[in-house]
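The lines below spell out each chain.
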Amino acid sequence: MAENPVHLHIIGICGTFMGGVARLALAAGHRVTGCDAAAYPPMSDQLRAAGVQLIEGYGADQIALRPDLFIVGNVVSRGNPLFEAVLDSRARFTSGPAWVGENLLHGRHVIAIAGTHGKTTTSAMVAWILQHAGVDPGFLIGGVPVDFNISARLGSGESFVIEADEYDSALFDKRSKFVHYFPSTLILNNLEFDHADIFPDLAAIETQFHHLLRCVPRTGRVIANGRDAALARVLARGVWSEVQHFDTDDDWHWRDSLDGSDAFAIWRGESCLGTLVQAPSGNHNRSNALAAIAAATHVGIGVQQSLAALRCFAGVQRRLEIRGCVHGVTVYDDFAHHPTAIAATLAGLRRRVGSARILGLLEPRSNTMRLGAMQDMIAGSLRDADLVFCYGPRSGPHALGWDPRDALQALGTRARVFDQLDELVAALMSSVRPGDHVVAMSNGSFGGVHGRILAALAALPADFGRQG
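Residues numbered from 1 in each chain as written. Predicted model: local features only at pLDDT ≥ 70, side-chain atom pairs only at ≥ 80, totals over all residues. Heavy atoms only, no water.

Colleague: Would you explain helix 5 (residues 119–132) in this entry?
Modeller: A turn of α-helix holds 3.6 residues, and therefore any two residues three or four places apart point the same way. Compared with the 20 Å implied by 1.5 Å per residue over 14 residues, the 20 Å span of helix 5 between its first and last C-alpha is a close match. Counted residue by residue, helix 5 has 12 buried out of 14 residues, so it is predominantly covered. Of the positions making up helix 5, those classed as buried are Lys119, Thr120, Thr121, Thr122, Ser123, Ala124, Met125, Val126, Ala127, Trp128, Ile129 and Leu130. Each element contacted by the buried residues of helix 5 is listed here: strand 6 (109–114), strand 7 (138–140), strand 9 (159–163), strand 12 (185–188), helix 8 (283–297) and helix 9 (303–310). Phi turns positive one or two residues past the end of helix 5, at glycine 134, with a value near 95°. (Helix = DSSP H or I, 4+ residues; strand = E, 2+ residues; numbered from the N terminus. Expected span 1.5 Å × (residues − 1). Buried < 20%, exposed > 50% of the residue type's maximum accessible area, 1.4 Å probe, protein only. Contact = heavy atoms within 4.5 Å.)

Following this line, the structure appears as structure tokens:
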């Protein structure tokens, strides 16, 4: 508990990260209030249940709350009425990552997971390994691990697991969030161009990762993907800590089971350390597990303990999460923010379902995809889908600045584009068959499409499941 509890008012509280900060601050004994443009569930419900007073909108009159400190989310820009009032009144303010680093991480063994893809799943794996080993870790994760059913926890143990995002900290601090965390154990999963709204190119992101390496102590450990060329360039610019590699034959790596099963073996150099069958399928999740196991060894958890934990790891919400199965049709929700992630998700599902049909529903919702920076990669990322239904609204807050019909042209008749969600659902229902796997991919809500599809399936005739 905080020695000197204070009143914190969080501007932009309903995002996953800032909502997690609020929960951690409450657990530390502080009084927390907050506001957002729209106090929307499920985060609003969780925060209110935890005792946070929520205010809808960014009214300048909130300055009258006179908190000890305003914490400003990176959704806030100049012109925000409350932030303008904060500046005018010279009230104290900081960013969320800076507050976490200074008030929650000091004195703890920070395990940070960075990279373009796999941060949330790997963070959840590390936290679960520690929990399963009898440690009570703190964590702040950009998703909800099913095993914990919360995205943030203060914990009483020495270790704190944090998803280390390269996105900027706030409008007044354009450094990546992760430079505030000073990890003792750092996983670098991979590195590609992303966040086209704030980074001009991959080189700019590599510079931020170089700054992150400057923050790891000499006694720390960096666990890096040994096959990633961008990470190799980052490490070549300077690293002052022990380095281990994964996905490389001379260090941590995995190998398929020789018996043809879904099991895979964990190797360190020429030594086989054990085998694992895990529910989150796909080679990317095998690499995530490998990195998590390697990180756990740095805090004294043996490989066998980690394997035992991962055998019962339940995954993360919105990472190929099954939302329902009706009439033999399985509907999934997946947090798809980048073509590489889409390709990995579909490849993992293909491995699991074999020749069954995969129907991919895509909403290019992330800032990078919405701006069109990745449009040339989209068709290739969907190669494992038998049919593709793309939602590309032409107007509104999530309108695309490019035509997805052009981007998906290489898929021919396998792909269709809709600017109305109702039309997309109707087209899907006219194509779906028993045994299909329907994957809705978006880093937003996708207009509640999962519920619409499940309801439409439930309304089909009883003999639908016996057709075909």
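Colleague: Any chance you could explain the nonpolar core here in plain terms?
Modeller: The tendency in soluble globular proteins is for nonpolar side chains to be buried side by side. Ile13, Trp99, Leu140, Ile162, Leu186, Leu188 and Phe209 are the most contacted members of the largest nonpolar core, which totals 49 residues. In terms of residue count, the dominant contributor to this core is helix 1 (residues 16–27) (six residues). Apart from residues lying up to four places away in sequence, leucine 140 is in contact with Phe17, Gly20, Val21, Leu24, Val100, Ser151, Ala152, Phe160, Val161, Ile162 and Glu163. Counting 36 residues, the second largest nonpolar core, distinct from the first, contains Ala127, Trp252, Trp254 and Ala296. (Core = buried A, V, L, I, M, F, W, Y, C linked by side-chain atoms within 4.5 Å.)

Colleague: Could you clarify how one ought to interpret the sheet that holds strand 4 (residues 69–72) in this entry?
Modeller: Hydrogen bonding along the main chain pairs the strands of a sheet, whether they run parallel or antiparallel. Taken in spatial order, the five strands make up an open sheet running 3-2-1-4-5, and their pairing is parallel. Both outer strands of the open sheet, strand 3 (53–56) and strand 5 (93–95), are each paired with one neighbouring strand and no more. On average, adjacent strands in this sheet sit at an angle of 25° to one another, irrespective of strand direction. When strand 4 meets strand 5, the two strands line up parallel, connected through three bridges. Within the sheet, the bridge partner assigned to isoleucine 71 lies in strand 5 and is threonine 94. The sheet strands contacting helix 4 (residues 96–103) are strand 1 (7–11), strand 4 and strand 5, and the helix crosses strand 5 at an angle near 90°. (Pairing = 2+ DSSP bridges. Axes fitted to C-alpha atoms, helices over the stretch in contact; angles between N-to-C directions.)

Colleague: Just to check I follow, could you spell out the side chain of histidine 180 for this structure?
Modeller: Looking at where histidine 180 falls in the secondary structure, it is placed in the loop between strand 11 (173–176) and strand 12. On the accessibility criterion, histidine 180 (12% relative accessible area) is buried. Here the side chain of histidine 180 touches aspartate 173 through a polar contact of 2.9 Å, side chain to side chain. Apart from residues no more than four positions distant in its own chain, histidine 180 is found in contact with Ser95, Pro97, Ala98, Gly101, Ser169, Asp173 and Arg175. (Polar contact = N/O pair within 3.5 Å; in protein donor to acceptor, adjacent residues only side chain to side chain.)

Colleague: Explain the pairing of strand 19 (residues 329–334) to me, please; I cannot follow it from the model alone.
Modeller: Looking along a regular strand, one sees side chains alternate from face to face of the sheet. Among the six residues that make up strand 19, six are buried, leaving the element largely enclosed by the rest of the structure. Taking every second residue as pointing to the same face, both faces of strand 19 are buried, with Val329, Val331 and Asp333 on one and Thr330, Tyr332 and Asp334 on the other. Relative to strand 19, strand 18 (residues 321–326) runs antiparallel, the two being bridged by five bridges. Each residue of the ladder has a partner; that of glycine 324, found in strand 19, is valine 331. Across five bridges, the pairing between strand 19 and strand 23 (residues 437–441) is parallel. When the sheet's bridge partners are listed, valine 331 is paired in strand 23 with valine 438.

This is a description of form; function is not addressed.
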